[in-house]
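Survey of secondary and tertiary structure
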Amino acid sequence: MLKLYDISSLDKVKLFGTILMVISLPFSESLKSISMFLILFIFLVQLYKLYKKEIKIELSVIHYGFIFLLLSALISSMFAQNPVKSLKGTKDILFYTIPFFIAYSITNEKHIRVILWSLYISTALAALSGIFHSIQIHGPLEIHALGNQNYTAMYLVIVIISMISTIIFSDKETKFPKMILGVFAILTIVAAVMTAMRSSFLGLFLLMMILLFSGGRQFKATKLISLVLLSLIPAIMYFYKPMWLKLFSTTSLVSRLYIWQHALDLLKESPVTGIGLNHFKYTFPLSYAPEAGASYFDAHSVYFQTASQMGLLGLVSIFLIISGFLHQWLKLKTTSGFERAVKYSALGGFLVTFIGGILDTTLHHEHAIVFTLLTGLMFGLFTNKEYSREATQDKHNHP
């Protein structure tokens, strides 16, 4: 029988809900929503235990960043031309903030492994399905539950990086599971290339370069896998002509300059609160031949999108998240291969979100959820280790 105030029982339900959410991300919007509210309810019940000093949560800069971003969205909605429309955009922020706090409260390594493998399996299956569908329709790959091609690519690349990190670093996986994971990674890479979207790969290539020039126990394996990927991905791009032909095109970058200028103009109009979420729109002038008269509802940059729609309040929140992540990531000292795998998985999500985010609006939808999930798992795993170390020290100091 489930006891609402029994932490172990609540943890089991929270784990089940998180697994359900992870599996549903590339497949079902409704299941995602149901699981999201389930784990939120469990987390709120556990927060009640905080006041009885039975669980411990310590907020850091990144926690405040997500909280302030949500508050900024609510404040922006109050001043938006259409508050209801803006509040619908706030739901997106809520949906990727919840997984961060939930994942932060999951500190059991076995539970984290189950969540990660659930993510890998569901993504590989979705990638395989997407590849077959793309071949059938003779068009770019798009997984409906993940959004358009661009959003699909972001999600896939973040998960690819997590798979690669587990293959390279994790000491919890033997050779056979890593071989299976290698197959999953190759399938997912092919699917990501078939989206014909480039910007997400900036984060992947940057991570490969970081791994190439990093040391550590797995230096040889890291270097080998990084070199293989740096050769394999361009080869796949070459054979998939839509991506190869688009790879060196600069038309979209020129178009972005027009969109970004419009975003800056909107920021000047409402510098503090912005114009409100879901309010961005830019129509190219008829004189601009490549996209004459085309309308865009996305600033194609997480920074310009946030600035135009949420003003300086939103931008400050974004930079709190960035600075909080980097501070903690650089500070964390790993003592096992599994910890390194989780750490670099989170870094991959960060790079796709905030480096790829220079050229795309990355902090929304399912790709934002997978980034915040991986980041929360990293923070939770290492925070638990800090508490354990402090408890051990206290025990020695006060026998």
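These numbers come from a predicted model, not from an experiment.

1. So, the overall build of the protein
Along the backbone of the protein there are 14 helices and 2 strands. By the compact-globule yardstick of 21 Å for 399 residues, the protein fits well, its C-alpha radius of gyration being 21 Å. Classification of the 399 residues of the protein by burial places 53% in the buried group. Sequence-distant contacts, at least 24 apart, represent 76% of the contacts inside the protein between residues at least 6 apart. Counting 32 positive and 20 negative side-chain charges, the protein places the centres of these two groups 6 Å from one another.

2. Here we look at the pattern of salt bridges
Taken as a whole and judged by the stated rule, the model has 6 salt bridges. Where Lys32 meets Glu366, a salt bridge forms, and the shortest distance between an N and an O atom there is 2.8 Å. With a gap of 334 residues between them, Lys32 in helix α2 (residues 29-50) and Glu366 in helix α14 (residues 365-397) connect regions that are remote in the sequence. Comparing Lys32 with Glu366, the two get one shared label, buried.

3. Here's the deal with the side chain of His300
The topology assignment puts His300 in the loop between β2 (295-296) and α12 (302-331). Classification of His300 by relative accessible area gives buried; the value is 16%.

4. A few points about a nonpolar patch on the surface
A cluster of nonpolar side chains, namely Leu59, Tyr64, Phe68, Leu71, Leu74, Ile75, Met78, Phe79, Leu87, Val272 and Leu313, defines an oily patch on the protein surface of about 990 Å² accessible area. In terms of residue count, the dominant contributor to the nonpolar patch is helix α3 (residues 61-78) (6 residues). Mapped onto the secondary structure, Ile75 falls in helix α3. Classification of Ile75 by relative accessible area gives partly exposed; the value is 32%.

5. Thoughts on unusual backbone geometry
In this model, Ala196 sits at a positive phi of 60°, which is unusual for a non-glycine residue. Summarising the element assignment, Ala196 is placed in the loop between α7 (175-193) and α8 (200-212). A positive phi is found at Asn278, a non-glycine position, where the angle reads about 65°. The residue Asn278 is located in the loop between α11 (251-269) and β1 (282-283) in this model.

6. Quick notes on the packing of α12 against helix α13 (residues 337-354)
Running from N to C, α12 and α13 cross one another at 155°; their axes reach a closest spacing of 12 Å. By the criterion of interaxial angle, the relationship of α12 to α13 is roughly antiparallel. Regarding α12 and α13, the two cross each other, and that crossing is left-handed. Residues Val302, Tyr303, Ile318, Ile321, Ile322, Phe325, Leu326 and Trp329 of α12 form the contact with α13, whose own contacting residues are Lys343, Tyr344, Ala346, Leu347, Phe350, Thr353 and Phe354. When its residues are assigned to classes, the contact of α12 with α13 shows 13 nonpolar, 1 polar and 1 charged.

Rules used throughout
Residues numbered from 1 in each chain as written. Predicted model: local features only at pLDDT ≥ 70, side-chain atom pairs only at ≥ 80, totals over all residues. Heavy atoms only, no water. Helix = DSSP H or I, 4+ residues; strand = E, 2+ residues; numbered from the N terminus. Rg over C-alpha atoms; globule rule 2.2 N^0.38 Å. Buried < 20%, exposed > 50% of the residue type's maximum accessible area, 1.4 Å probe, protein only. Contact = heavy atoms within 4.5 Å. Lys, Arg positive; Asp, Glu negative; His and termini not counted. Charge placed at Lys NZ, Arg CZ, Asp CG, Glu CD. Salt bridge = Lys/Arg side-chain N within 4 Å of Asp/Glu carboxyl O. Patch = residues over 30% accessible without salt bridge, like charges linked within 9 Å, V, L, I, M, F, W, Y side chains within 5 Å. Areas by Shrake-Rupley, 256 points an atom, 1.4 Å probe, with all protein chains shown as cover. Axes fitted to C-alpha atoms, helices over the stretch in contact; angles between N-to-C directions. Parallel < 35°, antiparallel > 145°, perpendicular 65-115°, else oblique. Left-handed = near helix turned anticlockwise from the far one by under 90°. Nonpolar A, V, L, I, M, F, W, Y, C, P; charged D, E, K, R; others polar.

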